[in-house]
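Per-entry structural report
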Amino acid sequence: MERLATTPRPDWRAHVERELGFVFHTIDGAPYWDETACYSFGEAEIDAIEAATGELEQMALALVDRVVAVGAEAYTRMRIPEIAWQAIEGSWKAGERNLYGRFDLRFAGDGPPQLLEYNADTPTALFEAAVVQWNWLEAIRHEADQFNSIHERLIEAWRQFGIGRGTVHFAAVRDHAEDEGTVEYLRDTAVQAGLATQRVAVEDIGWDGKGFRDLDNAPITTLFKLYPWEWLVAEPFGAHLLTGVARVIEPAWKMVLSNKAALALLWEMAPGHPNLLPAALDAGAIDGPLVRKPIYSREGANIQVLADGRVIAETGGGYGAEGFVYQGYAELPQFDGNYPVIGSWVVASQPAGMGIREDNTAITRDSSRFVPHFFV
Amino acid sequence: MKKSTSIRLVLLGSASMLLAGCGDDGPPKDARFFSSIEKCSSIATEAECREAVAAAERTHAAEAPRFTRKEECEAEFGPENCAKQTASASDGGGSLFMPLLMGYMMGNMLSGNRYSQPVWRGTNNQAVMPGKGGGFFGVGSFGSNATSTSAFRPATQVAQVPRGGFGSTATSYRTSAGS
């Protein structure tokens, strides 16, 4: 694994906007898509990441099975509200399909990839990984390979959902370019799979007493939402959604995996697994430096790195009310002052590709940059 | 090989812009109509309503058809549907006749390209809004005894469905809902 400086395509901004419709390459004036550098891997390294991703997904699915079997005690430990238990169990036992997820891995080429966290419900940086970095590779290093067949796997996954002639409504929060772009990309792949689609803002979803409605008052029967389950269930229409009146993608059982307490339960299930870091709901159970993460948090908010009981790094935010999970601290590798995290994708629970985000600090946040990769 | 062999986009990028370029200029699919700023409160936030009304009023003032004689205006918009205005200097001064501003259209709420338009009462109690080429689009109707304060019945008006039951957490955190 190496970080290489590269010369950006002279017209890349106009190119990605016009050809790809990629409009959030710059966020709040700071670069987000960054092609002044790229990461180079060897084939064996990519094979290791792909294999670890497949294994982590199988462990994650086994964990859902276990949590559903244990029931109340497990949900309570994970701080999953009781209102959601039945929907989780129902969707899991019915075998409701899932579309995608992103494992954030620490990888430095010096040992096995290790799971930092699993974004199982509302992962983003998808369009960048699937399309933008592929388009960059074709322009810059056409002869090289890339761990990335996300696009065709998404199209195939939509076909397997069995939605038929029904319409899939795609919901994102209003006026957020990155979320809207991600959802519009997913809608693009669904259209290519032959599905009828509509857009609706999360805020515009209506409830007529019997079912959900879009702005034209058309019924919403299948809802793709880029909006976390734990927020949905706590909001006024949450109880309606949990009745199963609409099919939801991701399914309700993803609430078990998008919850960071899952890191502790995975470690209990497979202690010492080479792709896991020690994790527990009790800080005293972890030896050495550790990271405290809110059970529910987003985009690197409210993270603390602790050594000998002292905070050595932290990020702000408004999360943490539900409690924390503690994970052994594995320092990210550093390349020229940059700390990369591998975002390794599963589509329909199969390893599908990866994207890399790097930050100037050891905690990856929403300000991190997306940097393309290739392998030879 | 682990990379995609080809990637095609059908909604994003240049393909979608081509489609957008040949769309019509009628009301957008998600158009919502209201007759006053008070009636707007069920559709959008107060700030969005004020902005929509102000923009529609600017369009009305700048672009509503102008007639020097009342009969000419009524021939186009119907009896009692025109009002005498004092013409601005740019309109040459004096007085002129314009259709009455009866309501507002707000649309494209989702795309970031939100816009609003004035709604006028036309012949046969139709509700009309301006199109791009100087034409009008019928967007609903008024009752036969409509007055200048009557609400019109938009063509796309639908039963009121409660909305806004999702989305409040994202608003409170002011963040992406992704991760």
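Going by the structure above, here's the rest.
Residues numbered from 1 in each chain as written. Chains lettered and ligands numbered in written order. Predicted model: local features only at pLDDT ≥ 70, side-chain atom pairs only at ≥ 80, totals over all residues. Heavy atoms only, no water.

1. A look at the overall build of chain B
What counts here: Only DSSP runs of H or I with at least four residues qualify as helices, and only runs of E with at least two residues qualify as strands; both kinds are numbered from the N terminus onward. To sort residues, take the accessible area from a 1.4 Å probe on protein chains only and compare it with the maximum for the residue type: under 20% means buried, over 50% means exposed, and anything in between is partly exposed. Pairs of residues are marked as contacts when any of their non-hydrogen atoms sit within 4.5 Å. In these tables, accessible area is a Shrake-Rupley quantity obtained with a 1.4 Å probe, and a residue counts as shielded only by the protein chains included in the view.
A count of helical and extended segments in chain B gives four helices and eight strands. Written out in order from the N terminus, the α and β elements of chain B read α-β-α-α-β-β-β-β-β-β-β-α. The proportion of buried residues among the 179 residues of chain B is 44%. Here the analysis covers contacts within chain B between residues at least 6 apart in sequence; of these, 48% occur between residues at least 24 apart. Here chain B displays about 9,600 Å² of accessible surface, and carbon together with sulfur accounts for 51% of that area.

2. Comments concerning the sheet that holds strand β6 (residues 114-119) of chain A
Residue and element names in this part refer to chain A. Where we set the bar: The pairing criterion is simple: DSSP has to find at least two bridges between the two strands. Throughout, an axis means a line fitted to C-alpha atoms (over the contacting stretch in the case of helices), and angles, computed between N-to-C directions, take values from 0 to 180 degrees.
With antiparallel pairing, five strands are arranged side by side in an open sheet as β6-β5-β19-β20-β21. In this open sheet, the two edge strands, each paired with only one partner strand, are β6 and β21 (369-371). The mean angle between the axes of side-by-side strands here comes to 35 degrees, regardless of whether they run parallel or antiparallel. As paired elements, strand β20 (residues 350-359) and β21 share three bridges and run antiparallel to each other. By the bridge assignment, Glu358 is partnered in β21 with Arg369. Packing of helix α5 (residues 126-140) onto the sheet brings it into contact with β5 (100-106), β19 (339-347), β20 and β21, and relative to β20 it is tilted by some 100 degrees.

3. Topic: the state of the cysteines
All names here are of chain B. Operational definition: Sulfur atoms of two cysteines make up a disulfide when they are within 2.5 Å.
Under the criterion given, the structure shown has two disulfides over all chains. Cys40 shares a disulfide with Cys49; S-S distance 2.0 Å. Residues Cys40 and Cys49 share a disulfide whose torsion about the S-S bond is about -85 degrees; that sign makes it left-handed. Among the residues examined, Cys49 registers a relative accessible area of 2% and is labelled buried. Between the sulfur atoms of Cys73 and its disulfide partner Cys82 the distance amounts to 1.9 Å.

4. Considering the interface of chain B and chain A
Quick note on the threshold: By definition, the buried area sums, over both parts, the 1.4 Å-probe accessible area that each loses when the two are put together. Any Lys or Arg side-chain nitrogen located within 4 Å of an Asp or Glu carboxyl oxygen qualifies as a salt bridge. Within 3.5 Å is the distance limit for a polar contact, defined as a pair of N or O atoms, with the added protein rule that one can donate a hydrogen and the other accept it, and that residues adjacent in sequence qualify only through two side-chain atoms. The residue classification treats Ala, Val, Leu, Ile, Met, Phe, Trp, Tyr, Cys and Pro as nonpolar and Asp, Glu, Lys and Arg as charged. All others, Gly included, are polar.
The interface is formed by 42 residues belonging to chain B together with 72 residues belonging to chain A. The contact between chain B and chain A buries some 4,800 Å² in all, and 54% of this surface belongs to carbon and sulfur atoms. Along the contact surface separating chain B from chain A lie four salt bridges. Between Glu138 of chain A and Lys3 of chain B there is a salt bridge, with the nearest N and O atoms lying 3.2 Å from each other. Where chain B touches chain A, the interface holds 38 residue pairs in polar contact (both at pLDDT 80 or more). Those elements giving two or more residues to the side of chain B that touches chain A turn out to be α1 (14-21) and α4 (168-173) of chain B. Here the side of chain B that touches chain A takes four residues from α4 of chain B, the largest share from any one element. Grouping the constituent residues of the side of chain B that touches chain A by class yields 17 nonpolar, 16 polar and nine charged.

5. Considerations on the packing of helix α2 (residues 43-70) of chain A against helix α11 (residues 261-269) of chain A
Residue and element names in this part refer to chain A. Selection criterion: Angular relationships are summarised with four words: roughly parallel below 35 degrees, roughly antiparallel beyond 145, roughly perpendicular across 65 to 115, and oblique for the angles in between.
At a closest axis distance of 10 Å, the pairing of α2 and α11 adopts a crossing angle of 95 degrees. One way to sum up the angle between α2 and α11 is to call them roughly perpendicular. Facing α2, whose interface residues are Met59, Ala60, Ala62, Leu63, Arg66 and Val67, α11 presents Ala262, Leu265, Leu266 and Met269. Residue composition of the contact of α2 with α11, grouped by class: nine nonpolar, no polar and one charged.

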